[in-house]
Amino acid sequence: MNPVIGMDVSKGESQVQAFLDKGQPYRKSFSIKHITEGLGSLLEFLKEVENSAGGNQPTVVLESTGHYHIPVIQFLEEQNYVYIVVNPLISHRAKSSSLRKVKTDAVDAYHLCELFYKEELEPYKKRGIQLLNLRNFTRQQESIAEVSAKTKLQLHSLLDQVFPEYRGVFGSLYSKVSLLTLLAFPTSKAVLSVSERELTEKIGSLCISRSDAWAKERAEKLRDAALRNPFQNNLYQSHIFNLELLVSMVLQYQEHLSKIATEIDTLASEIEEYEILQSIPGIGEKIAATIISEVGEIDRFNDAKKLVAFAGVDPSVYSSGKFTASVNRITKRGSCRLRHALYMAVQSGIRDSRKKKTTDEIIARNKRLREFYDKKRGEGKPFRVSVVACVNKLLHWIYALLKSRTTFQDIA
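First, a word on scope: everything that follows refers to the structure included in this document. Here the structure is a predicted model, which means the values were calculated and not measured.

**Comments concerning the overall build of the protein chain**
Scanning the protein chain from N- to C-terminus turns up 17 helices and 9 strands. Projected onto its principal axes, the C-alpha coordinates of the protein chain cover approximately 90 × 60 × 45 Å. By sequence separation, contacts in the protein chain at least 24 residues apart represent 61% of the contacts at least 6 residues apart. Counting every atom, the protein chain has about 23,400 Å² of accessible surface; 51% of that belongs to carbon and sulfur. Counting 58 positive and 48 negative side-chain charges, the protein chain places the centres of these two groups 7 Å from one another.

**Comments concerning helix 14 (residues 336-350)**
In this model helix 14 runs 21 Å from its N-terminal to its C-terminal C-alpha over 15 residues, within 8% of the 21 Å that 1.5 Å per residue would give. Buried within helix 14 are the following residues: Leu338, Arg339, Ala341, Leu342, Ala345, Val346, Ser348, Gly349 and Ile350.

**Considerations on the side chain of Ser178**
Summarising the element assignment, Ser178 is placed in helix 6 (residues 176-184). On the basis of relative accessibility, which here comes to 1%, the residue Ser178 falls in the buried class.

**A closer look at the pattern of salt bridges**
One side chain can pair with another of opposite charge once the charged atoms of both are near each other. Applying the stated rule across the entire model yields 17 salt bridges. Close ionic contact of Lys33 with Glu13 constitutes a salt bridge, the shortest N to O distance being 3.4 Å. Taken together, the residues Lys33 in strand 3 (residues 24-33) and Glu13 in strand 2 (residues 13-21) connect sequence positions 20 residues apart. On the basis of relative accessible area, Lys33 is assigned to the partly exposed category, the value being 46%. Of the residues examined, Glu13 reaches a relative accessible area of 26% and is grouped as partly exposed. Where Arg197 meets Glu201, a salt bridge forms, and the shortest distance between an N and an O atom there is 3.3 Å. Linking Arg197 with Glu201, this pair stays in helix 8 (residues 196-206), spanning 4 residues, or about one helical turn. According to the relative accessible area criterion, Arg197 is exposed, its value standing at 63%. Residues joined by salt bridges that share partners form a network here, namely Glu196, Lys216 and Glu220.

**Section: helix 1 (residues 36-52)**
Taking 1.5 Å of rise per residue, 17 residues should cover 24 Å, and helix 1 covers 25 Å from first to last C-alpha, within 8% of that figure. Among the residues of helix 1, Gly38, Leu39, Leu42, Leu43, Phe45, Leu46 and Val49 are the ones counted as buried. Each buried residue of helix 1 sits inside an arc of 165 degrees when the element is viewed along its axis, so together they form one side. Among the exposed residues of helix 1, those pointing more than 90 degrees away from its buried face are Thr36, Glu37, Glu44 and Asn51. Gly54 occupies a position one or two residues after helix 1 and carries a positive phi of about 75 degrees.

**Re the pairing of strand 4 (residues 59-63)**
Of all 5 residues in strand 4, 5 are buried, a share of seventy percent or more. Of the two faces of strand 4, the one carrying Thr59, Val61 and Glu63 and the one carrying Val60 and Leu62 are both buried. Strand direction decides the pairing type here: strand 1 (residues 4-10) and strand 4, joined by 4 bridges, are parallel. When the bridges of strand 4 are listed, Ile5 appears paired with Val60. One ladder, built from 4 bridges, connects strand 4 with strand 5 (residues 83-86); its direction is parallel. Its bridge partner being in strand 5, Val60 is matched across the sheet by Tyr83. Of the crossover connections in this fold, the one passing from strand 4 over helix 2 (residues 70-78) to the parallel strand 5 is right-handed.

**Re the sheet that holds strand 5**
Two orientations exist for strands paired in a sheet by backbone hydrogen bonds: parallel and antiparallel. Strands sit in the order 3-2-1-4-5 across an open sheet of 5 strands; the sheet is mixed. Either end of the sheet is taken by a strand with one partner, and the two such strands are strand 3 and strand 5. Averaged over neighbouring strand pairs, the angle between their axes works out to 20 degrees when direction is ignored. Strands in contact with helix 1 are strand 1, strand 2, strand 3 and strand 4; relative to strand 3, the strand with the most contacts, it is inclined by about 170 degrees. Helix 2 contacts strand 1, strand 2, strand 4 and strand 5 of the sheet and is inclined by roughly 160 degrees relative to strand 5.

**Considering the nonpolar core**
Leu134, Ile283, Ile291, Leu342 and Leu394 are the most contacted members of the largest nonpolar core, which has 48 residues in total. Among the secondary structure elements, those contributing two or more residues to this core are helix 5 (129-162), helix 10 (237-268), helix 11 (272-278), helix 12 (285-295), helix 13 (304-311), helix 14, helix 15 (367-378) and helix 16 (383-404). The dominant element in this core, judged by the number of residues it contributes, is helix 16, at 10 residues. The next biggest cluster of nonpolar side chains, apart from the first, holds 29 residues, and it includes Leu158, Val162, Trp214 and Ala225.

**What about the packing of aromatic side chains?**
Summed over the entire model, instances satisfying the criterion amount to 11 aromatic pairs. Geometrically, the ring pair formed by Phe19 and Tyr117 is tilted, given 6.3 Å between the ring centres and 40 degrees between the ring planes. A residue pair is termed long-range when its members are at least 10 positions apart, and Phe19 in strand 2 and Tyr117 in helix 4 (residues 105-118) qualify at 98 residues. When the ring centre of Phe372 is taken as reference, the NZ or CZ atom of Lys393 above it lies at 4.9 Å.

**A closer look at the packing of helix 5 against helix 12**
Across the interface, helix 5 lies against helix 12 with an axial gap of 8 Å and an inter-helix angle of 125 degrees. When the axes of helix 5 and helix 12 are compared, the pair comes out oblique. Along this stretch, helix 5 crosses helix 12, giving a crossing that reads as left-handed. Contacts between helix 5 and helix 12 involve Leu131, Leu134, Arg135, Thr138, Arg139 and Gln141 from the former and Lys286, Ala289, Thr290, Ile292, Ser293 and Glu294 from the latter. Split into classes, the residues belonging to the contact of helix 5 with helix 12 amount to 4 nonpolar, 4 polar and 4 charged.

Analysis parameters
- Residues numbered from 1 in each chain as written.
- Predicted model: local features only at pLDDT ≥ 70, side-chain atom pairs only at ≥ 80, totals over all residues.
- Heavy atoms only, no water.
- Helix = DSSP H or I, 4+ residues; strand = E, 2+ residues; numbered from the N terminus.
- Contact = heavy atoms within 4.5 Å.
- Areas by Shrake-Rupley, 256 points an atom, 1.4 Å probe, with all protein chains shown as cover.
- Lys, Arg positive; Asp, Glu negative; His and termini not counted.
- Charge placed at Lys NZ, Arg CZ, Asp CG, Glu CD.
- Expected span 1.5 Å × (residues − 1).
- Buried < 20%, exposed > 50% of the residue type's maximum accessible area, 1.4 Å probe, protein only.
- Salt bridge = Lys/Arg side-chain N within 4 Å of Asp/Glu carboxyl O.
- Arc of directions from axis to C-beta.
- Pairing = 2+ DSSP bridges.
- Right-handed = clockwise from strand over helix to strand, strands pointing away.
- Axes fitted to C-alpha atoms, helices over the stretch in contact; angles between N-to-C directions.
- Core = buried A, V, L, I, M, F, W, Y, C linked by side-chain atoms within 4.5 Å.
- Phe/Tyr/Trp six-rings, centres within 6.5 Å; stacked < 30°, edge-to-face > 60°.
- Lys NZ or Arg CZ within 6 Å of the ring centre and 35° of its normal.
- Parallel < 35°, antiparallel > 145°, perpendicular 65-115°, else oblique.
- Left-handed = near helix turned anticlockwise from the far one by under 90°.
- Nonpolar A, V, L, I, M, F, W, Y, C, P; charged D, E, K, R; others polar.

Function cannot be inferred from these measures alone, as they are strictly geometric.
Written as structure tokens, this is what we have:
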């Protein structure tokens with residue numbers, strides 16, 4: 001016998017259905033909670049199915065559901081059970097094969113069992129804890145960076161209504177010393193209420209690595225900006241309150257991002273693939289950490305084409321009868337974070353790094369990638385099509401480097 005257990009996972013609970021063999025359902029489906037008691041009853045059921053199947057251990061099939069299935073697979077790993085995590089696209093296609101339109105958790109669990117016998121499903125390849133930790137860090141970094149960027153836009157908009165002339169005081173509006181100074185003096189009235197000496201001392205205390213002359217120059221600029229500011233009297237106290245709030249939020253986001261970056265550097269420095277990827281011109285620390293955390297162990301992919309498909313940059317194919325589509329978009333069914341990192345790597349690689357003063361020769365950061373890009377452009381390919389082709393080429397290089405454990409310079 002070849003027993004299987006299908007689990008339709010949802011938030012906090014799962015519907016369980018068992019088959020002893022193809023076409024042999026075992027008992028009615030039932031629901032379990034993702035708590036100690038519920039998982040304990042699942043273990044008892046697993047052993048019951050194993051005994052009924054002549055001692056053959058059942059395989060558990062479940063859909064990938066974001067993070068809802070994590071407690072289940074962690075429990076199955078602790079109990080040494082084989083499990084298969086199915087892509088929702090595959091399971092949805094199997095459910096759609098039925099003429100009847102029925103959608104319940106019990107039916108979904110039943111279909112997962114049937115899918116096990118119809119498709120050649122491979123057991124889930126467990127990923128290393130180190131790379132999973134790195135993936136969690138890089139994804140959290142991206143999430144906070146997005147929120148921080150939106151907060152900066154709100155701050156920029158509000159500053160236009162309170163103190164627009166402030167933007168020229170410091171080289172970067174969002175530097176720590178600039179934000180702390182703005183927090184201390186958010187309006188023209190606050191700046192002009194103190195002497196220039198007090199402004200100099202305050203700025204100097206916020207940036208001790210700078211000279212007194214630099215602090216004095218900033219204080220003079222700040223005072224001049226306050227005098228030029230069209231909003232000498234702010235009518236809306238809410239604007240000032242919100243401005244101070246947004247400045248504090250940006251400072252907090254910067255602190256969080258700095259901590260995460262430190263954790264990423266510490267963790268990634270212990271991974272060999274991290275240094276290998278950085279040997280490719282155009283790939284820096286942040287992009288390298290994102291790529292290896294999303295790709296995981298390279299042994300999960302039998303060839304470079306599967307890695308390309310995982311990234312979602314493989315072309316879709318449409319052909320019916322005598323018609324074959326000539327314009328095929330990429331599938332975009334893989335990791336969007338990996339695609340974005342690869343796109344940034346290509347953009348950085350094909351960009352000109354410098355131009356020699358003695359000649360007109362332009363040197364790209366990644367000469368081989370730039371030559372491939374120019375070749376595609378010379379064939380009449382649009383910019384985006386050429387960049388996607390470069391991403392595909394870059395993925396083949398990454399696969400070869402990680403498989404052979406060599407650097408880019410060694411094969412260039």
